[in-house]
Number of protein chains: 2
Amino acid sequence: MTESYDAVDVIVTKRDKGELSDGQIDWVIDAYTRGVVAHEQMSSLAMAILLNGMTRREIARWTSAMIASGERMDFSALSRPTADKHSTGGVGDKITLPLAPLVAACGVAVPQLSGRGLGHTGGTLDKLESVPGWQASLTNEQMLRQLEDVGAVICAAGEGLAPADKKLYALRDVTGTVEAIPLIASSIMSKKIAEGTGALVLDVKVGSGAFMKTVEDARELARTMVDLGTDAGVRTVAMLTNMQVPLGLTAGNALEVRESVEVLAGGGPQDVVELTVALAREMLTAAGREDADPADALADGRAMDAWHRMIRAQGGDPEAPLPVAKEAEDVLAPVDGVLTQLDALKVGVAAWRLGAGRARKEDPVQAGAGVELHAKPGATVRAGERLLTLHTDTPERFSRALEALDGSFTIAPDGSRPDLLPLVIEKIA
Amino acid sequence: MTESYDAVDVIVTKRDKGELSDGQIDWVIDAYTRGVVAHEQMSSLAMAILLNGMTRREIARWTSAMIASGERMDFSALSRPTADKHSTGGVGDKITLPLAPLVAACGVAVPQLSGRGLGHTGGTLDKLESVPGWQASLTNEQMLRQLEDVGAVICAAGEGLAPADKKLYALRDVTGTVEAIPLIASSIMSKKIAEGTGALVLDVKVGSGAFMKTVEDARELARTMVDLGTDAGVRTVAMLTNMQVPLGLTAGNALEVRESVEVLAGGGPQDVVELTVALAREMLTAAGREDADPADALADGRAMDAWHRMIRAQGGDPEAPLPVAKEAEDVLAPVDGVLTQLDALKVGVAAWRLGAGRARKEDPVQAGAGVELHAKPGATVRAGERLLTLHTDTPERFSRALEALDGSFTIAPDGSRPDLLPLVIEKIA
């Protein structure tokens, strides 16, 4: 940094709907990372950005400045191209688990740096930690070796990638400034660009269980991220996908691993299979392997082989039985009819309250806790049939989980049809 | 506080243009004062308030909550009614100095709790501290005794009044959230209402040298403060007055005391006399003494007597010579013509840079430093005549003060007339 700026000037510029200069952005991110700009200054700036927005140039510069705050990884020495996927988070979204080994089985390396869950959406690392022995932490050298040997790695992001983003994300979480599209986009993309992937597919969820509640907001976020990736030389594609309803038939850590293994074995819920294959196709295409057919790799067991190798490489035993919660309670259909709605957010909150998620980042999670669905919208149900099963090790949690499920489903007269968005809503390239 | 709230919920309510409940406001002010709500949370809330506004009810409740954070003074035992004046701050605004003794001389007690200057507007306490021996700090008992004996006191506000405001003001100063009308109004009025005055006249300055640059903004601030005072049972009136041009012919600490004494002696610049008398009339009327004539009390020496007693009561020597700066430098009129403009902000910044003001609250000020004006807009000037004289103890400051004065005045051809707002623009009751 050769030039110095004044934090209040930077804040006032954005407060008064001005455009921040490159110098202001570089300075404020660097100074915040070093503690020269105080938390209370960054939080009023974040609120001004949330309410007044940023131009494409500002978002790109903000992202670059966050990347510059830490190290960058480099996969150019690998013998295969790389592709990564990022989901903005949803209920029952276990897609990374079957997807990474599937894409690896098709010849493209998948360096998947993941996080833990916070709130009602589960975290990929929490899910995999229900596999006995599996370890989330790898050194950069271990990660590179596994990418070369196995082709897929799902591990915790190191402390060195975009430290400015870590600090800023923690601040936004407590200051009501999470929901700013420029900050969401730059947060995600700074980590993904610093991670060094050659291609990136973004799964932007839309609906009650997602961060973006409307297609319009999701489209804006997707467009912003695709621009950021493209400008940074990463081949980036985004898919808007449905999160009105949970994905698959499970929400919870071990429950979702079990379902992912079913998909890798050629079974599993139709929506999980469809989305896994669709995202795999996009990743392979973005990585220059449009010839590979992921449906084949799923059917012939190559994806399952890659899963076994991936889990074993990180100390896990893919054959060991998965944890099961101690207690279960069923929710029954009260009437005959057609299930027309099953709210993703309410199911997610119930799974969280059962112990599958955490309220604070230091809280533990229960491996076996969660919600199992016995029907999805469109299904005909009969009074007294099971709709949901709740799982937890701590039965005192049932009552608050059931409260969260109040109004979570609608059963309409026979012949009714649900009014839902398609699973894949649109693609933004 | 019986109920507890979540800081993020409060922030998000205002961020999303909602109205804060009484419970949310009471809680957030109390929790911030106690350190339970963090600085970075209050700063994002302050930015959301700045950008999204507050209703009259919210502002009133916010003000009450700040008053409730500390002690309240009570002047009901005094034998006279009380009236106070607050100015939003301007360049050369020494009006409090002649005004407080003038109103006291007319039988109304003036409890004037003042502050120090920060930035380009001077502080009343800094000005009075140029009087040899004068002390700004009084206990509540000393203050009450002086109000009873002398009828006027100008002293530092104690730590006990509205501590929430002190904490919040310091935060706003570093987070770009000073310029929020609801926060400005509640900051001023919480202190004035807690101070316990029975009547209050607000001098809301408009123009380059003031906080409010337009009549519209000043009117909104004035209206908001009058409503707050009225709702709290304080008879409150606001006057919008001109701050396009410095008040009087001096900006600086001892320089302004000298000019104030000239006014009390029956002389002084016409605008200072006019505004002092106009504000005195409003204070007397608001305190129920519309029969008293402040012009008389100025002419017959009663106001000067009250000044002497007020200064002596706080240890000052009103007859002692005032400090004079060691160095002076003149600015001359470059051409013949009519002075049509003399910018208050630029003169204020020059006085500040000469040493009359401070950049940080712990900085010292120079008693003798400042700017003397030899002409005001409307005057005919000749090339080579003195327009301004700059005073400082530290001559290395002249160059930056002269920089600040670049473009500070306009001399138009003979026969031109300045286009300025009237001294008293309007009254809001």
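1. Regarding the sheet that holds strand β1 (residues 83-87) of chain B
All names here are of chain B.
And then number 1: Taking strand neighbours across the sheet as the criterion, the four strands line up as β1-β4-β5-β13 in an open arrangement whose pairing is mixed. Strand pairing shows two members of the sheet lacking a second neighbour, β1 and β13 (424-428), which therefore form its edges. Across the sheet, the mean angle from the axis of one strand to that of its neighbour is 20 degrees, orientation sign disregarded.
And then number 2: Pairing analysis gives four bridges linking strand β5 (residues 235-242) to β13, with the strands arranged antiparallel. Note that in β13 the partner of threonine 241 across the bridge is valine 424.
And then number 3: Sheet strands in contact with helix α9 (residues 181-195) are β1, β4 (199-206) and β5, and its direction is about 165 degrees off that of β1.

2. Structural notes on the sheet that holds strand β1 (residues 83-87) of chain A
Residue and element names in this part refer to chain A.
And then number 1: Pairing within the open sheet is mixed, and its four strands lie in the order β1-β4-β5-β13. This sheet does not close on itself; its edge strands, each paired only once, are β1 and β13 (424-428). Averaged over neighbouring strand pairs, the angle between their axes works out to 20 degrees when direction is ignored.
And then number 2: Sheet topology note: the β1/strand β4 (residues 199-206) ladder contains five bridges and is parallel. Looking across to β4, one finds that lysine 85 is bridged to valine 201.

3. Quick word on the packing of helix α5 (residues 96-105) of chain B against helix α12 (residues 270-286) of chain B
Packed helix pairs are specified by the crossing angle of their axes together with the interaxial distance, meaning the distance between the axes.
Residue and element names in this part refer to chain B.
And then number 1: At a closest axis distance of 10 Å, the pairing of α5 and α12 adopts a crossing angle of 40 degrees. Accordingly, the angle class assigned to the pair α5 and α12 is oblique. Read as a crossing pair, α5 and α12 show a hand that is right-handed. On α12, the residues touching Pro98, Leu99, Leu102 and Val103 of α5 are Thr276, Leu279, Ala280, Met283 and Leu284.
And then number 2: Its residues assigned to classes, the contact of α5 with α12 shows eight nonpolar, one polar and no charged.

4. Overview of the interface of chain A and chain B
And then number 1: If you look at the interface, chain A gives 21 residues, while chain B gives 21 residues.
And then number 2: Here chain A packs against chain B, burying approximately 1,600 Å² in sum over the two surfaces, 67% of which is carbon and sulfur.
And then number 3: Ranking the residues of chain A by area buried against chain B places Arg15, Glu40 and Leu51 of chain A at the top, with a combined share of 35%.
And then number 4: Connecting chain A to chain B are two salt bridges.
And then number 5: Between glutamate 179 of chain B and arginine 15 of chain A there is a salt bridge; the shortest N-O distance is 2.7 Å.
And then number 6: Our enumeration of links across chain A and chain B arrives at 11 residue pairs in polar contact (both at pLDDT 80 or more).
And then number 7: When residues of the side of chain A that touches chain B are traced back to their parent elements, those giving at least two are α1 (7-15), α3 (39-52) and α8 (163-174) of chain A.
And then number 8: The element best represented in the side of chain A that touches chain B is α3 of chain A, accounting for 10 residues.
And then number 9: Broken down by class, the residue content of the side of chain A that touches chain B amounts to nine nonpolar, eight polar and four charged.

5. Description of helix α2 (residues 22-33) of chain B
All names here are of chain B.
And then number 1: In this model, α2 (12 residues) spans 17 Å end to end at C-alpha, consistent with the 16 Å of a helix rising 1.5 Å per residue.
And then number 2: When we look at burial in α2, the residues that qualify are Gln24, Ile25, Asp26, Trp27, Val28, Ile29, Ala31 and Tyr32.
And then number 3: Buried positions along α2 lie against α1 (7-15), α3 (39-52), α4 (56-68) and α8 (163-174).
And then number 4: Positioned one or two residues after α2, glycine 35 has a phi angle of 85 degrees, which is positive.

6. Some points on the domain arrangement of chain A
Residue and element names in this part refer to chain A.
And then number 1: Taken domain by domain, chain A comprises domain 1 (83-158 + 196-313) and domain 2 (327-412).
And then number 2: For domain 1 versus domain 2, the distance between C-alpha centres works out to 24 Å.
And then number 3: Roughly 1,800 Å² is buried in total at the junction of domain 1 and domain 2, and carbon and sulfur atoms are behind 59% of that figure.
And then number 4: Contact with domain 2 buries surface across domain 1, with His120, Leu249 and Leu255 losing the most and accounting together for 26% of the total.
And then number 5: Taken together, the connections running from domain 1 to domain 2 amount to three salt bridges.
And then number 6: Between glutamate 372 and arginine 258 there is a salt bridge, and its shortest N-O distance comes to 3.4 Å.
And then number 7: Every element with two or more residues in the side of domain 1 that touches domain 2 is listed here: β6 (250-252) and α11 (253-264).
And then number 8: Here the element with the most residues in the side of domain 1 that touches domain 2 is α11; it accounts for four residues.

7. Topic: the pattern of salt bridges
And then number 1: Here the structure, examined in full by the defined rule, presents 62 salt bridges over all chains.
And then number 2: The residue aspartate 414 of chain A makes a salt bridge to arginine 382 of chain A at a minimum N-O spacing of 2.8 Å. Linking aspartate 414 of chain A in the loop between β12 (409-412) and β13 with arginine 382 of chain A in the loop between β10 (380-381) and β11 (386-392), this pair joins segments that are 32 residues apart in sequence.
And then number 3: Overall, arginine 382 of chain A belongs to the partly exposed group, its relative accessible area being 31%.
And then number 4: Of the charged contacts, one joins lysine 427 of chain B and glutamate 282 of chain B as a salt bridge, the two residues approaching to 2.9 Å between their closest N and O atoms. Here lysine 427 of chain B, found in strand β13, pairs with glutamate 282 of chain B, found in helix α12; they are 145 residues apart in sequence, far enough to count as distant.
And then number 5: Overall, lysine 427 of chain B belongs to the partly exposed group, its relative accessible area being 46%.
And then number 6: Via salt bridges that share partners, Glu19, Asp22, Asp26, Arg57 and Arg61 of chain A belong to a single interconnected network.

Definitions and limits used
- Residues numbered from 1 in each chain as written.
- Chains lettered and ligands numbered in written order.
- Predicted model: local features only at pLDDT ≥ 70, side-chain atom pairs only at ≥ 80, totals over all residues.
- Heavy atoms only, no water.
- Pairing = 2+ DSSP bridges.
- Helix = DSSP H or I, 4+ residues; strand = E, 2+ residues; numbered from the N terminus.
- Axes fitted to C-alpha atoms, helices over the stretch in contact; angles between N-to-C directions.
- Contact = heavy atoms within 4.5 Å.
- Parallel < 35°, antiparallel > 145°, perpendicular 65-115°, else oblique.
- Left-handed = near helix turned anticlockwise from the far one by under 90°.
- Nonpolar A, V, L, I, M, F, W, Y, C, P; charged D, E, K, R; others polar.
- Buried area = accessible area lost by both parts, 1.4 Å probe.
- Salt bridge = Lys/Arg side-chain N within 4 Å of Asp/Glu carboxyl O.
- Polar contact = N/O pair within 3.5 Å; in protein donor to acceptor, adjacent residues only side chain to side chain.
- Expected span 1.5 Å × (residues − 1).
- Buried < 20%, exposed > 50% of the residue type's maximum accessible area, 1.4 Å probe, protein only.
- Domains from an automatic or database assignment.

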